[in-house]
Amino acid sequence: MDILLVASAFNSLSQRVYAELSDLGHRVDVVLAGHGPDAVRAAVQDRRPELIVAPMLKTALPEDVWREHTCLIVHPGPLGDRGPASLDWAIADEAPHWGVTVLQAEAAMDAGAVWASEPFPVEPVGKSDLYRNEAADAALTAVHEAVRRYAEGSYKPRPQSDPEIHGRIVWRDVFRQVRRRIDWAADDTETVLRKLRGADSQPGVLDELLGREAFLHGGHPEDRLTGEPGELLATRAGAVCRATRDGAVWIPELRPRKNSGDPAPFRRPAADVLAAPDLPESPAPLELPPDRRTWTDISYRQHGEVGFVGFSFPGGAMSTDHCRRLLAAYRYALTRPTRVLVLGGRRDFFSNGIHLNVIEAAPDPAEESWTNLNAMDDLVETVLRTTDRLVVAALGGNAAAGGAMLALAADEVWCRTGAVLNPHYRRMGLYGSEFWTYTLPRRVGAETARRLMDEAQPVSAATAARTGLVDRLVPVPAQDFTAEVEQLATALAGTPDLDRRIAVKAAARRADEAERPLAEYRSDELARMHALFFDPGAAYHALRSDFVRKVPGGAR
């Protein structure tokens, strides 16, 4: 079928719907609702779709569109749920299960006939993580079912007057800041964590720190540091630790209010926003004891002959500091006696490459872009030069740009089936680096590599496996990914031909180096990127600023 996606943003769910419907042979186009109702009307008029699907919509579809065409709305709530903040309420109310419903658009919000619905478990993670994983898995199941039913032509969607649905109808209003506000003197740690997790990506929890109002983003427990409720106790890897009435929590990011006078009113590492030099640093050991309940964004653990370098950065963005610390952890892992080394392996984002927010806030964004990219290249090059063991990149979630190329530097790429890959740079106006001119053609061939870069479209995990971007699909729920990867890696370490594979890999690296050294790939890529970074008129600077500052209606 010809399907038009209408979305307020081409976010992770919209990309996954686009990629998976395309995999099924549908011809899928996208229009951003942020461009306005006339743009939506024009897209409908131009493409004449057989079906319209709205994976993520913050504004109503034009009435003439939904009256004249079947429009399916993906609502992140169970049967009968209505309102604009469904997941926020699910987390706040500690619901053990939730759901996704695909509804037909009509005048009243979320009141249309039901084409499909699918439940999912509510894991104790941040809202954005839940949305990208459990909720997205359920959404794709429901979308596939709804599209199939529509294509078959015989299915009659269930009106919400159906007694089974009507009895469940609940309107949940906007989840306002007054409900999110933390009472540091009264709220226990679990309550604080629930409030932080319910707003981790958007909109954050409005609070006051050191006399300044800012939004708190993300929250993780701390088991040892304590203090007066609300007191800032320490920093760690850019996060700040704040005392609750019975413990403490780590907050990775802050966002200054737009009217605060801060020239960078967007999410950044919390310690950078506060600029409080008197806060002590409280580092966590790389190999964290199993009885610790604290936050760290990089870790190492070992199980027999397998080492695991785990990392998780907010939004998948990797700043200069992230890259350098991860490189240090990787180098430490290389000193350990293992035959298999797993990079990643946690649920949610693998990596999205350089940290555009930190770059945008820097005194010299061009210089910070350059420094960040070189730190990323140092990490990728070290992975590529690892020849004494097998390296596995384990993608529990999405990867894009330099983050996708970090994965491709490994010998094997294992990917959860719900992940989406964006192995390109063009939508940020960049040529790209991270040795993509070496690793991408090596995996998929020169022609496919050019197509991926030029078309700049999201790729489903299934298509990534078919084209050679991914070596193994891991078909498990997000919460089971880490354990499944450990089992697979342990089995790999025990295979009788592993020593032979490592020897073949080392010989191939030597042959590739003799044909064209990695230094040449790096030099050529960086020359192009340097020209873009230090050209004030380059599209990259405007695209980066619009992306970071969430300028509505920006280019997809």
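Below is a summary of the structure that appears in this document. All figures in this text were calculated on a predicted structure; none of them were measured in a lab. (Residues numbered from 1 in each chain as written. Predicted model: local features only at pLDDT ≥ 70, side-chain atom pairs only at ≥ 80, totals over all residues. Heavy atoms only, no water.)

A few words now on the environment of Val 178. With respect to the helices and strands, Val 178 occurs in helix α7 (residues 177-180). Accessibility expressed as a relative area gives 68% for Val 178, which makes it exposed. (Helix = DSSP H or I, 4+ residues; strand = E, 2+ residues; numbered from the N terminus. Buried < 20%, exposed > 50% of the residue type's maximum accessible area, 1.4 Å probe, protein only.)

Take the pattern of salt bridges next. Scanning the entire structure with this criterion turns up 52 salt bridges. Linking Glu 190 and Arg 293 is a salt bridge whose minimum nitrogen-to-oxygen distance equals 2.8 Å. Here Glu 190, found in helix α8 (residues 189-197), pairs with Arg 293, found in the loop between α9 (270-274) and β17 (298-303); they are 103 residues apart in sequence, far enough to count as distant. You can call Arg 293 partly exposed: its relative accessible area is 43%. Residue Asp 321 is joined to Arg 325 by a salt bridge in which the shortest nitrogen-to-oxygen separation is 2.8 Å. Of the two residues, Asp 321 and Arg 325 both sit in helix α10 (residues 320-334), 4 residues apart, roughly one turn of that helix. Residue classification places Asp 321 among the partly exposed positions, given a relative accessible area of 39%. (Salt bridge = Lys/Arg side-chain N within 4 Å of Asp/Glu carboxyl O.)

The relative placement of two packed helices comes down to the angle between their axes together with the axis-to-axis distance. Two elements in contact, helix α14 (residues 436-444) and helix α15 (residues 446-455), have axes separated by 7 Å at closest approach and are oriented at 120 degrees. Of the possible angle classes, the one that applies to α14 and α15 is oblique. Crossing of α14 against α15: the hand is right-handed. Residues Trp 436, Leu 440, Pro 441 and Val 444 of α14 touch α15, and the partners they reach there are Ala 446, Thr 448, Ala 449, Leu 452 and Met 453. In terms of residue class, the contact of α14 with α15 is made up of 8 nonpolar, 1 polar and no charged. (Axes fitted to C-alpha atoms, helices over the stretch in contact; angles between N-to-C directions. Parallel < 35°, antiparallel > 145°, perpendicular 65-115°, else oblique. Left-handed = near helix turned anticlockwise from the far one by under 90°. Contact = heavy atoms within 4.5 Å. Nonpolar A, V, L, I, M, F, W, Y, C, P; charged D, E, K, R; others polar.)

This part is about the pairing of strand β2 (residues 27-32). Alignment of strand β1 (residues 2-7) against β2, held across 6 bridges, turns out to be parallel. By the bridge assignment for β2, Leu 5 is matched with Val 30. (Pairing = 2+ DSSP bridges.)

Right, let's get into the sheet that holds strand β21 (residues 399-400). Two modes of strand pairing occur in sheets, parallel and antiparallel, and in both the strands are linked by backbone hydrogen bonds. One open sheet holds the 3 strands; their spatial order is β21-β23-β24, and the pairing between them is mixed. The strands lining the two open edges of the sheet, one partner per strand, are β21 and β24 (459-460).

Judged by pairing direction, the sheet is antiparallel, and its 4 strands sit side by side in the order β11-β14-β13-β12 without closing on themselves. Unpaired on one side and paired on the other, β11 (220-222) and β12 (232-236) mark the two borders of the sheet. Neighbouring strand axes in the sheet, compared pairwise and without regard to direction, differ in orientation by 30 degrees on average. Bridge analysis of β12 against strand β13 (residues 239-243) gives 4 bridges, and the strand direction is antiparallel. Its bridge partner being in β13, Thr 235 is matched across the sheet by Val 240. Strands β11 and β14 (248-251) of the sheet are contacted by α8, whose axis makes an angle of about 20 degrees with β14.

What follows concerns unusual backbone geometry. The peptide bond linking Gln 202 to Pro 203 adopts the cis configuration, its omega dihedral lying at 0 degrees. By secondary structure assignment, the location of Pro 203 is in the loop between α8 and β9 (205-209). Positive phi, normally seen in glycine, also occurs at Glu 94, with a value near 55 degrees. Examined against the element boundaries, Glu 94 turns out to sit in the loop between α4 (86-92) and β6 (97-104). Given the relative accessible area of 55%, Glu 94 is considered exposed. One non-glycine residue with positive phi stands out, namely Leu 210, at about 50 degrees. Along the chain, Leu 210 falls in the loop between β9 and β10 (212-217).

Once that is clear, we can look at helix α1 (residues 12-23). The first and last C-alpha atoms of α1 sit 16 Å apart over 12 residues, in line with the 16 Å expected at 1.5 Å per residue. Counting buried positions over the 12 residues of α1 gives 9, a clear majority of the element. What α1 keeps buried is the set Leu 13, Ser 14, Gln 15, Arg 16, Val 17, Tyr 18, Ala 19, Glu 20 and Leu 21. Positive phi shows up at Gly 25, right after α1, with a value of about 95 degrees. (Expected span 1.5 Å × (residues − 1).)

This part is about the environment of Leu 430. Mapping Leu 430 onto the fold places it in the loop between β23 (420-422) and α14. According to the relative accessible area criterion, Leu 430 is buried, its value standing at 12%. Sequence separation between Leu 430 and Glu 190 is 240 residues, and the spatial gap between their C-alpha atoms is 43 Å. Apart from residues lying up to four places away in sequence, Leu 430 is in contact with Tyr 425, Met 529, Leu 532, Phe 533 and Tyr 540.

Relative to the 28 Å expected for 20 residues at 1.5 Å per residue, helix α12 (residues 365-384) spans 28 Å between its end C-alpha atoms, a close match to the ideal helical length. Burial within α12 is extensive, with 15 of its 20 residues counted as buried.

It is worth spelling out the packing of α14 against helix α19 (residues 518-533) at this point. Where α14 contacts α19, the two axes come as close as 8 Å, and the packing angle between them is 115 degrees. Relative to α19, α14 is oriented roughly perpendicular. Contacts from Trp 436, Thr 437 and Tyr 438 in α14 reach Leu 518, Tyr 521 and Glu 525 in α19. Classifying every residue of the contact of α14 with α19 by side-chain character gives 4 nonpolar, 1 polar and 1 charged.

From the geometry alone we can't say anything about function, so treat these as descriptive.
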